[in-house]
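What follows is the residue order along each chain.
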Amino acid sequence: MIRFSECRAGYARRAVTPTVNGEISAGTLTALVGVNGCGKSTLLKTVAGLLPVVSGHCEVALPRNKIGWLPQRSELERQFPLTVYELVAMGCWPRTGWFRSINRELRQEIHQALEATGMAAFADARPAMLSGGQLQRVLFSRLLLQQSDLWLLDEPFSGVDQQTITSLMALIHQQQHTGKTIVVVLHDQRLVMQNFRHVISLEGDNAHWYHTTETQEKALNLCC
Ligand SMILES: Nc1ncnc2c1ncn2[C@@H]1O[C@H](COP(=O)(O)OP(=O)(O)OP(=O)(O)O)[C@@H](O)[C@H]1O
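Starting from 1, residues in each chain are numbered consecutively following that chain's sequence as written. For this predicted model, a pLDDT threshold of at least 70 governs which residues receive local features, and a threshold of 80 or more governs which side-chain atom pairs are given and counted, while totals over whole chains, interfaces and linings are taken from all residues. The basis for every side-chain value is the complete set of non-hydrogen atoms in the structure, without hydrogens or water.

Looking at an unreviewed UniProt entry, one finds the chain named Metal ABC transporter ATP-binding protein, with Tatumella terrea as its source organism. UniProt positions are given in the numbering used here, feature names are shortened, and annotations may be inferred rather than shown by experiment. The record held by UniProt for the chain lists under Sequence similarities (unreviewed entry) the comment "Belongs to the ABC transporter superfamily. Drug exporter-2 (TC 3.A.1.117) family."

### What about the overall build of the chain?
Summing up its helical and strand segments, the chain has nine helices and ten strands in all. Principal axes of the C-alpha set define a box for the chain whose edges measure 50 × 35 × 30 Å. Burial classification: accessible surface area is computed with a 1.4 Å probe over protein chains only, and a residue below 20% of its type maximum counts as buried, one above 50% as exposed, and the rest as partly exposed. Taking all 224 residues of the chain together, 49% fall into the buried category. Within the chain, counting contacts between residues at least 6 apart in sequence, those at least 24 apart form 69% of the total. Using the Shrake-Rupley algorithm and a 1.4 Å probe, accessible areas are obtained, with residue cover drawn only from the displayed protein chains. Entry remark: accessible area of the chain is about 11,100 Å², with carbon and sulfur atoms responsible for 50%. This count recognises Lys and Arg as positive and Asp and Glu as negative, with His and chain-terminal groups excluded. Where a charge lies is defined by one atom per residue type: Lys uses NZ, Arg uses CZ, Asp uses CG and Glu uses CD. Charge-centre separation for the chain: the mean point of 21 positive side chains lies 5 Å from the mean point of 19 negative side chains. Helix numbers and strand numbers start at the N terminus; a helix is a DSSP run of H or I with at least 4 residues, a strand a run of E with at least 2. Contact criterion: two residues are considered in contact whenever any of their non-hydrogen atoms come within 4.5 Å of each other.

### What to know about the sheet that holds strand E10 (residues 206–211)
In this analysis, strands are considered paired if DSSP registers two or more bridges between them. Taken in spatial order, the six strands line up as E6-E7-E8-E4-E9-E10 in an open sheet, and their pairing is mixed. One side of each edge strand has no neighbouring strand; the edge strands of this open sheet are strand E6 (67–70) and E10. Between one strand and the next, the sheet's axes are offset by a mean angle of 15°, whatever the strand orientation. Note on method: axes are straight lines fitted to C-alpha atoms, helices fitted across the in-contact stretch only, with angles between N-to-C directions ranging 0 to 180 degrees. Across the face of the sheet, helix H7 (residues 162–177) comes into contact with strand E4 (29–33), strand E7 (150–154) and strand E8 (181–185) while running at roughly 130° to E4.

### Concerning helix H1 (residues 40–47)
Summarising burial for H1: seven of the eight residues are buried, a large majority. Those residues of H1 not exposed but buried are Lys40, Ser41, Thr42, Leu43, Leu44, Thr46 and Val47. In the segment just after H1, Gly49 is the residue with positive phi, at about 85°.

### Re the domain arrangement of the chain
Domain start and stop points were drawn from an automatic or database domain assignment. The domains assigned to the chain are domain 1 (1–62 + 149–158 + 179–224) and domain 2 (73–148). If you look at the interface, domain 1 gives eight residues, while domain 2 gives seven residues. Should a side-chain nitrogen of Lys or Arg be within 4 Å of a carboxyl oxygen of Asp or Glu, the pair is scored as a salt bridge. Where domain 1 packs against domain 2, one counts zero salt bridges. Nitrogen and oxygen atoms within 3.5 Å of one another constitute a polar contact, given that in protein one can donate a hydrogen and the other can accept it, and given that sequence-neighbouring residues count only through two side-chain atoms. One can count two residue pairs in polar contact (both at pLDDT 80 or more) joining domain 1 with domain 2. Ten residue types, Ala, Val, Leu, Ile, Met, Phe, Trp, Tyr, Cys and Pro, are classed as nonpolar, four, Asp, Glu, Lys and Arg, as charged, and the remainder, Gly among them, as polar. Classifying every residue of the side of domain 1 that touches domain 2 by side-chain character gives four nonpolar, one polar and three charged.

### Re helix H6 (residues 132–146)
One fewer than the residue count of a helix, multiplied by 1.5 Å, yields its expected span. Helix length check: H6 (15 residues) gives 22 Å between terminal C-alpha atoms against 21 Å at 1.5 Å per residue, within 8%. Gln147 lies just past H6 and shows a positive phi near 50°.

### Points about the site of the ligand
Residues in close proximity to the ligand total 13 residues, the closest being Asn36, Gly37, Lys40, Ser41 and Thr42. Residue Cys38 places a main-chain N or O atom 3.2 Å away from an oxygen atom belonging to the ligand. At a separation of 3.0 Å, an oxygen atom of the ligand approaches a polar side-chain atom of His187. When the ligand sits alone it has 640 Å² of accessible area, and the protein chains cover 60% of it. The biggest single contributor to the shell around the ligand is H1, with three residues. A breakdown of the residues in the shell around the ligand according to their chemical character gives four nonpolar, seven polar and two charged. Whether a residue is near a molecule or strand depends on its heavy atoms: it is near if one of them lies within 4 Å of it.

Below, the structure written as C-alpha cells:
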C-alpha cells in the first residue's frame, strides 16, 4: 500500500526525517513514533501527497481522494463559520464534488457518522463551542464519510480524555477490520503497546520497523 525506498521527507529540499525503507501493507494498523521534531508529521504529510519527498521514493498505491488525513489538532477547524453537521458534511466532497447538493442518502450517512462518534446531539452546534475531545470526534465523523482506503492520523488523541481515546481507538480497530490501512502518529507508549502490531520508529539515521511480538518494548522506551 505504501512503499518507502531510501525516502527522506522535509521542507524546501532539506530533509528532516531519517531514511525510511520498507512497506506498509494494505489493511494494517501502524503506529508512527519518535521524539518531538523527528519528522513524524512531515513523513505523514509526504505520504498524504502534501509534500514532495526530499530524496528517495514514497509510493502510495491510491489516488489522493482515497487518502484521509487528520492533521494535528488545528484551531482552523474551530474557526469555520459552519455547524458541526456542515463541517462533517464536508467529508462528502470526494463523492459529490464541492458544489453538488447533498441528497437524502448522504444526509442519513452524515447522521450515522455523527452517531458513530457519539456526536449526533451536537449537529447544530458551532465547532468553536466544542471541547478538544468533542472536536476530535467530529473530525473522525468527517473522516468516516470520506470513505478513504487509507487513514493518516496525526496525534489524534492529544488533549483527549481516556474515555474518548478508548472509543476512538475502538472506531479505528473497527475501520481496520473493514479493510482500511491506518497509520497513527502517537506518543503514548502504553497505547502503542496495547493496540498496534506494527510500529515505525523514527530514530537515528534510519527508521526502525518493529512488530509487537518482538522485543519492541525496550525500543519504545527509547522513542515515544
Ligand atoms: N513548514 C515547515 N518548514 C520547515 N521546517 C518545518 C516545517 N514544519 C516542521 N518543520 C521542522 O521539521 C522538523 C520535524 O517536524 P515534525 O512536525 O514533522 O516533527 P514531529 O516528529 O511530528 O514532532 P512532534 O512530535 O513535536 O509533533 C522540525 O525540526 C520542525 O521544526
